[in-house]
Every structure is written in C-alpha cells, then in structure tokens.
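Observations on chain architecture
Here's the letter readout for the chains.
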4 protein chains.
Amino acid sequence: MEATSDISEVHLRVNYSEVDQMGAGYHARYLVWLDLARTEHLRRTGVSYAELERRGFRLAVGEARVRYRQPARYDDPIRVRCWLRERASRRLTFGYAVEHAEDGRLLATGETSMMVLDADFRWSRLPPEVANRLPVSPDPVRI
Amino acid sequence: MEATSDISEVHLRVNYSEVDQMGAGYHARYLVWLDLARTEHLRRTGVSYAELERRGFRLAVGEARVRYRQPARYDDPIRVRCWLRERASRRLTFGYAVEHAEDGRLLATGETSMMVLDADFRWSRLPPEVANRLPVSPDPVRI
Amino acid sequence: MEATSDISEVHLRVNYSEVDQMGAGYHARYLVWLDLARTEHLRRTGVSYAELERRGFRLAVGEARVRYRQPARYDDPIRVRCWLRERASRRLTFGYAVEHAEDGRLLATGETSMMVLDADFRWSRLPPEVANRLPVSPDPVRI
Amino acid sequence: MEATSDISEVHLRVNYSEVDQMGAGYHARYLVWLDLARTEHLRRTGVSYAELERRGFRLAVGEARVRYRQPARYDDPIRVRCWLRERASRRLTFGYAVEHAEDGRLLATGETSMMVLDADFRWSRLPPEVANRLPVSPDPVRI
C-alpha cells in the first residue's frame, strides 16, 4: 500500500467576506482555511472525510492553535499546506502553513489535534486502510 | 389559546468578524441576524425551533431577500424585528426590519419564506398548537 | 475593445463550516458563494474589484435575493455561474446560478443589485473601460 | 482610578448558522465568541475597542489557542468569560472560558495574545488610562 504525498496544499483567494476593517483576513477564518486543507489531505488517502462520516467515524477538533505572522489581504492568493504531525491510535495532529501563493511569505502556522470518535461521540480508531495511508511528515516550517 | 406578541425583537452588536474593509456589516451576515430574530419569534410560541426539529419538523429557507438601506457599522447596537407576513399550510413568510438600536434608523429590511418539511425533507405542516400561536402581522415598515 | 465572456463560473466544494445540522449548506453562505463568482466575473474585465477599490470605487450590495431549490450537501462540488443582468449608470444587477458541478442539478438561483459608490459612499459611475467590458447577458436559467 | 471588574462575561445562544452536521458548534466560531467577550471586557475600561481604533490603535491577534472539551449544541445558552492573563507593554494575553449558561459545564477554554499596533501596523502601546484599567486576573479555570 503506497503512502500518499506527505504534504497537501490547497489554494484560495481571500474573499471580501473574510476581511475585516483593518483590511486583513479575520483571524477566525484561518481555522476554516486549515479545515479546507485538512479535508483535501484526508481525501488523498482514498477515503474522504465525508466517506469516513458515512462509515460512522468523526474527527472532532480537540485543540486548535494558530500563530498569525503577517496579515493576509483582500484578494491575496493563498496556499495552505497541511501534513500529519503525530498519529496516535485515537488522535491525529495536523500541522499547517498559510502562505502567500505568489511571493511565498509565511502568513500563519497552525496545529489542530483531532479526536477520532464514533457516531455516538465515543473514542474510536480510524480504519487501518485509512490510517496506514496517512504518513507522519516532519514540519516543513517551524510551527 | 392566546396569541403571542405579533412582532419580536432581538438585540445584537456588530462584531469585528462581521465588518468588511468598507467598515460596513458584510451583507451575508444580515441573513444570520434575521435567523436570530426568527428563532426568537418562534420561541414565543412556546415551542422553540430546536424543539420543532426534535419533533421531526424542519423549516428550510425557500427564498430570502434583503434590501440594504444604510450600512451597519462596527460596534453599532442593532435591533432586528421579526414578524409573520403570510401563513400557508406548508409555507411561512417572515418579514424583518434591521434598525440601529439607538437612533432608530432603518438599516435593512428583509423577507424569508420558509418551507415546512418533515425529517425526510418532504412537505409537511406545522403542529396546530404552534401554527395557531403565530399570528400574521401587518408590516410595521415597508419591506 | 473586446468583451469578456458573458458568463463566468467558479468552482468550490461545500466545506464543513458551511453545513448545518440538517446536513445542508446554510443559506447565508450562498451569498458568499455569489460574491466569489461576482469577484471572478469582475476580474475578467481586466480590473479586479480590489483594483477598483484602490481607484476609489465601491460596489455595495443594495439588494440580494436567493431562491433555494435543492440542498447543497457537505463536500458537494459546486459550480456558481455569474452574469450581468442589467447595467445602469450607477447600478449593476448580477444574476447567479448555483449548480452541482457533477450532475448539473440547479441548487439555487440569485440576484444582487450593486450600487456604484465612491470612497465616501456617494453615488458614482464605473470607469468606462470597466463598464464597457461588462456585457449584459440573457439569463441562462430562470432566476 | 478604579479597576474594572477582573472577569467579564457575555451571553449568547448557539445559532443555526454556527452548528455543523455533527450537531455541534463549529470550532472556528468559538474564536468569534471569544472576540465578543474580549470586546465587552475592553469596553469596561471606559474605552471601547471601536474608540481605540478611532484613536489610532489596533489590537491584532498574534496567537490563538482553543481547547474544545464538550460540544456546544444548537440553541444552547452559552456564557463566555474573559479576563486578562498577562500584560506586557506591547502585548495583552486574554484567557477565556466557554460554559453552558444553565448547567455550568465547561465547554472550551482559550487564550489569545493581542499585539498592540498603531494605525500603520507598527508596534505601539496602549494609552495608560486604558492599560491601567485592565487588571490581570488569575485564571478562574485551567486553560
């Protein structure tokens, strides 16, 4: 069974709805950008998060942390990279880098730790065919 | 069975997350404000929307319309009034006025038409004890 | 001066943050999807909305209307089409179709009318080189 | 000059727009709830954040961290408590507890560290009459 690529990336543009009156991306939106990247990272295992839910699994955020380094501006092209930092039987920790897609500036880094639950919100474990296709990657940037 | 008050109101303050770089409330957020007011209007029947869902009913938005008249600004105190405009067996149409809570300026008006569905998203009807407690009100402002 | 293509489209996937506990896209999010499509439609003129703002113009939503036809589900691939319905000197009316990107089902239609303002929120007119590159299109679907 | 109360609290109800298809408050929304509480905590100094911005100050989020302990459910009444954890000349660190307003269960805790900037996003210091009215409080719960 071949591992998927260790680091995923998604691209987006900062939309008007996401910018505050400082002209900067509102900080809570970054957690949604991380979600977009995590969703695509999971999809690469061949089992999307939507499919995991249909099979009775839940990945619930247990902890989230973001460091905001430079503001994202309206209409900026953004790249969000996502990788798995740590894998325990019932917990997955993802790392993220939010970067300006053109000049490469690091705008933010983050980490979310996800609890593996069943449909009744009890602790569970990912199916092995999914877990095995989620390789842990060293951090490409300092988080 | 006594009718509830014909027009409800909720109060909120425009939060930083809701303001765009024009310094005005982002237009999509108004639909959330209308939702807050509609939720409280329904609660006055004695059966909250949460309880309606537990009983197997859904009110799904079929159409929404908002007219933006004056911008809401960051930290403005806002009053949202909500009333029932029309009641059909399977459809409820609510009207809304978004006003500055201190100076009373009309900032926006809106209308949403809600389809009464069951838990499987088929057409349904509200329980009579709820429907009977939702009086239709004349519009307090022009929508 | 060549006209841009009359209808733009953007693609997105319904993210977890956008889905409510009915498992359907929350209705206010559709206005953000329309904004994403309108932003790309404007970009095709060669002058992005970001650039218009830097030149002192504002397009503020005067009225928005959405008809919800079928629910968008979590992780659904979505296509949003946008076109100009009407152009007056100080007002642009855009039409939108929200469709399932794979099976083509029409999920929602919408319209927003945008007021052309200057940086002080007074009525203004678009620069002719922009206005001339925004052709009015017949509706591709009934709104 | 009298200190304001050391811990502020705001009350809200979980709105439909905030709940995901697990039936739980979507994790990014908690950052907005923290913002609501921080805004009210600042207001107690007699100088609201809106007024601080008018005077040329910015409080930009440098780091945010949330621990999600129990899910908030649709329509749950929520209390968010906010206090100042640390005060440096150019940085304020706030702590937060998100609790069920009726049964008191601790749903989440969080921390945000805010950078004091001027209108050009350079490091700055809060005016003393504001800083002096923001007492540091011991954590009322473990963060």
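Residues numbered from 1 in each chain as written. Chains lettered and ligands numbered in written order. Predicted model: local features only at pLDDT ≥ 70, side-chain atom pairs only at ≥ 80, totals over all residues. Heavy atoms only, no water.

Considering the side chain of S48 of chain B
Put simply, the test is: Here a helix means four or more residues in a row that DSSP labels H or I, a strand means two or more in a row labelled E, and each is numbered from the N terminus. Between buried and exposed lies partly exposed: a residue is buried under 20% and exposed over 50% of the maximum accessible area for its type, with that area taken using a 1.4 Å probe on protein chains only. Contacts between residues were defined by any pair of non-hydrogen atoms, one from each residue, lying within 4.5 Å.
Its place among the elements puts S48 of chain B in the loop between α1 (29-43) and α2 (49-54). Residue S48 of chain B is classed as buried on the basis of its relative accessible area of 14%. Among all residues touching S48 of chain B, those that are not within four sequence positions of it are R43 of chain B together with D75 of chain D.

With respect to the sheet that holds strand β1 (residues 7-13) of chain B
To keep it simple, the criterion reads: When DSSP finds two or more bridges between a pair of strands, those strands are recorded as paired. To obtain each axis, a line is fitted to C-alpha atoms, and for helices this fit is confined to the stretch in contact; angles are then taken between N-to-C directions over 0 to 180 degrees.
Read from one edge of the open sheet, 10 strands run β1(B)-β3(B)-β4(B)-β5(B)-β2(B)-β2(C)-β5(C)-β4(C)-β3(C)-β1(C), paired in antiparallel fashion. Every other strand in the sheet has two partners, leaving β1 of chain B together with β1 (7-13) of chain C as the edge strands with one partner each. Neighbour-to-neighbour, the strand axes of this sheet turn through a mean angle of 25 degrees, independent of strand direction. Here strand β3 (residues 77-88) of chain C pairs with strand β4 (residues 91-100) of chain C via 10 bridges, running antiparallel. Within the sheet, the bridge partner assigned to R87 of chain C lies in β4 of chain C and is L92 of chain C.

Re the pairing of strand β1 (residues 7-13) of chain A
Residue and element names in this part refer to chain A. Burial along β1 is one-sided: S8, V10 and L12 are buried, and none of I7, E9, H11 and R13, which face the opposite way, are. For β1 and strand β3 (residues 77-88), the ladder comprises 7 bridges, and the chain directions are antiparallel. When the sheet's bridge partners are listed, H11 is paired in β3 with R79.

Notes on the interface of chain C and chain D
As a reminder of what qualifies: Two parts lose some accessible area (1.4 Å probe) when they are put together, and adding that loss for both gives the buried area. By convention in these notes, a salt bridge is any Lys or Arg side-chain nitrogen within 4 Å of a carboxyl oxygen on Asp or Glu. We call two N or O atoms a polar contact when they sit within 3.5 Å, provided that within protein one can donate a hydrogen and the other can accept it, with sequence-adjacent residues counted only if both atoms are side-chain atoms. Throughout, the ten residues Ala, Val, Leu, Ile, Met, Phe, Trp, Tyr, Cys and Pro are labelled nonpolar, Asp, Glu, Lys and Arg are labelled charged, and all others, Gly among them, are labelled polar.
Taken residue by residue, the interface counts 10 residues in chain C and 10 residues in chain D. Summing both partners gives a buried area of about 970 Å² for chain C against chain D, and 58% of it is carried by carbon and sulfur. It is Y16, Q21 and Y26 of chain C that lose the most area in chain C upon contact with chain D, and together they represent 63% of the buried surface on that side. Remark: the boundary between chain C and chain D carries 0 salt bridges. Where chain C touches chain D, the interface holds 0 residue pairs in polar contact (both at pLDDT 80 or more). Its residues assigned to classes, the side of chain C that touches chain D comprises 5 nonpolar, 4 polar and 1 charged.

Remember, this is a structural readout, not a statement about activity or role.
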